[in-house]
Amino acid sequence: MTDPLPPALIDALKLIDSPTISNAIEPFNIRGRHEGYLGPEIECRYPEEGVMAGYAVTAKIVSIADDADTLKENRFAFFDAINNSPKPAVCVIQDISGNPGRASQWGEMMMTSVKVLGAVGVVTDGAIRDIEEIREIGGVQFFSPYVCVSHGQLAMVEVGTPVTISGCEINPGDLLHGDINGVVKIPHSIAEKMPEAVEEIRKREGGVLNGLKPGMSMDEFRKVWDYR
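Criteria and cut-off values
- Residues take numbers from 1 onward in each chain, read along the sequence in its written order.
- In keeping with the predicted nature of the model, local features appear solely for residues at pLDDT of at least 70, side-chain atom pairs appear and are counted solely at 80 or more, and the whole-chain, interface and lining totals rest on all residues.
- Hydrogens and water molecules were not included; the side-chain quantities draw on all heavy atoms of the structure.
- Each residue is assigned to one of three classes by its accessible area relative to the maximum for its type, calculated with a 1.4 Å probe on protein chains only: buried under 20%, partly exposed between the two thresholds, exposed over 50%.
- Under the scheme used here, helices are H or I runs from DSSP no shorter than 4 residues and strands are E runs no shorter than 2 residues, and both carry numbers assigned from the N terminus.
- The arc under discussion is defined with respect to the helix axis, by the directions toward the C-beta atoms.
- For two strands to pair, DSSP has to find at least two bridges joining them.
- Definition of a polar contact: a pair of N or O atoms within 3.5 Å, with one able to donate and the other able to accept a hydrogen when the atoms are protein atoms, and with sequence-neighbouring residues admitted only if both atoms are side-chain atoms.
- It only takes one pair of heavy atoms within 4.5 Å for two residues to be counted as in contact.
- By definition here, a helix of n residues has an expected span of 1.5 Å times n minus one.

### Quick notes on helix H4 (residues 108–116)
Residue pairs spaced three or four apart in an α-helix point in one direction, given the helix's 3.6 residues per turn. Looking at H4, one finds that the buried residues are Met-110, Met-111 and Val-114. An end-on view of H4 places all buried positions within 95 degrees of arc, on one side of the element. Those residues of H4 that are exposed and angled more than 90 degrees off the buried face are Met-109 and Val-116. Just downstream of H4, Gly-118 is the residue with a positive phi angle, here 110 degrees.

And the structure:
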């Protein structure tokens, strides 16, 4: 587990939208441009909750488990992992079933439990339910591809191991940033450089946006966009 970053940095990251964070990571050449973020199937369920930023607490589930009753202790281990995680925490759950999303790990009971323990978000390739109840709870952002009416016969089978969501590997303690646009992983090695890098992105994009005027010539348009 990587040491937690200054709380003021987490607060600063929550003032930035996720696409700008994604753009600000690119100049560091620390990973490919198709890496480090979740795909469009992982949907933001509560856009009104705004930006989520926090440290990953990971687990794997199966949504159809005949031995679910024998694995209940794993769920407490997950709660314990959230309690021991740096805050704010983000729950990251991979559904490793052959039929992901067939049962929902997440309803108002589970959401209230993780919020009490310091979680501000959930990211899963499984399902959510109790949509309106969770909205009323508030304070927790949620990303998933599925909604499912039942918890079925579901079991948590691993806690605190690397997971893969939408092709992106996430490890315990990874710094995640998400909003209505999606979820991106911020490498710890450059996290404290993000505010400055974001300002550079905003300055560059602002120059282009301010230079685009109705009626401008294509030569002027080319110059604003810096096409050679």
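### Regarding the sheet that holds strand S8 (residues 146–147)
The sheet built from 3 strands is open, its strands ordered S4-S6-S8 with parallel pairing. Both edges of this open sheet fall to strand S4 (104–106) and S8, since each of them pairs with a single strand only. Alignment of strand S6 (residues 127–128) against S8, held across 2 bridges, turns out to be parallel. Across the sheet, Ala-127 pairs through a bridge with Tyr-146, a residue of S8.

### Looking at the side chain of Gln-141
Mapped onto the secondary structure, Gln-141 falls in strand S7 (residues 141–144). Within the local environment of Gln-141, its side chain forms a polar contact with the backbone oxygen of Tyr-46, the two atoms lying 2.9 Å apart. Looking at Gln-141, its side chain comes within polar contact range of the main-chain oxygen of Gly-50, at 3.0 Å. Not counting residues within four places of it along the chain, the set of residues in contact with Gln-141 comprises Cys-44, Arg-45, Tyr-46, Pro-47, Glu-49, Gly-50, Met-52, Val-120, Gly-121 and Val-122.

### Notes on helix H7 (residues 194–211)
Under the 1.5 Å per step criterion, the end-to-end length of H7 is 26 Å for 18 residues, consistent within 8% with the ideal 26 Å. The complete set of buried residues in H7 reads Met-194, Ala-197, Val-198, Ile-201 and Val-208. Along the long axis of H7, the arc covered by the buried residues comes to 100 degrees, so they all point the same way. Exposed side chains of H7 directed beyond 90 degrees from the buried face belong to Glu-196, Lys-203 and Asn-210.

### Some thoughts on the pairing of strand S13 (residues 182–186)
Buried residues dominate S13, accounting for 5 of its 5 residues. What you see with S13 is no split at all: Gly-182, Val-184 and Ile-186 on one side and Val-183 and Lys-185 on the other are buried throughout. Relative to S13, strand S12 (residues 175–179) runs antiparallel, the two being bridged by 5 bridges. Bridging from a neighbouring strand, Asp-179 pairs with Gly-182 of S13. Between the end of S12 and the start of S13, which pair antiparallel, lie 2 residues.

That's the geometry; what it means functionally is another story.
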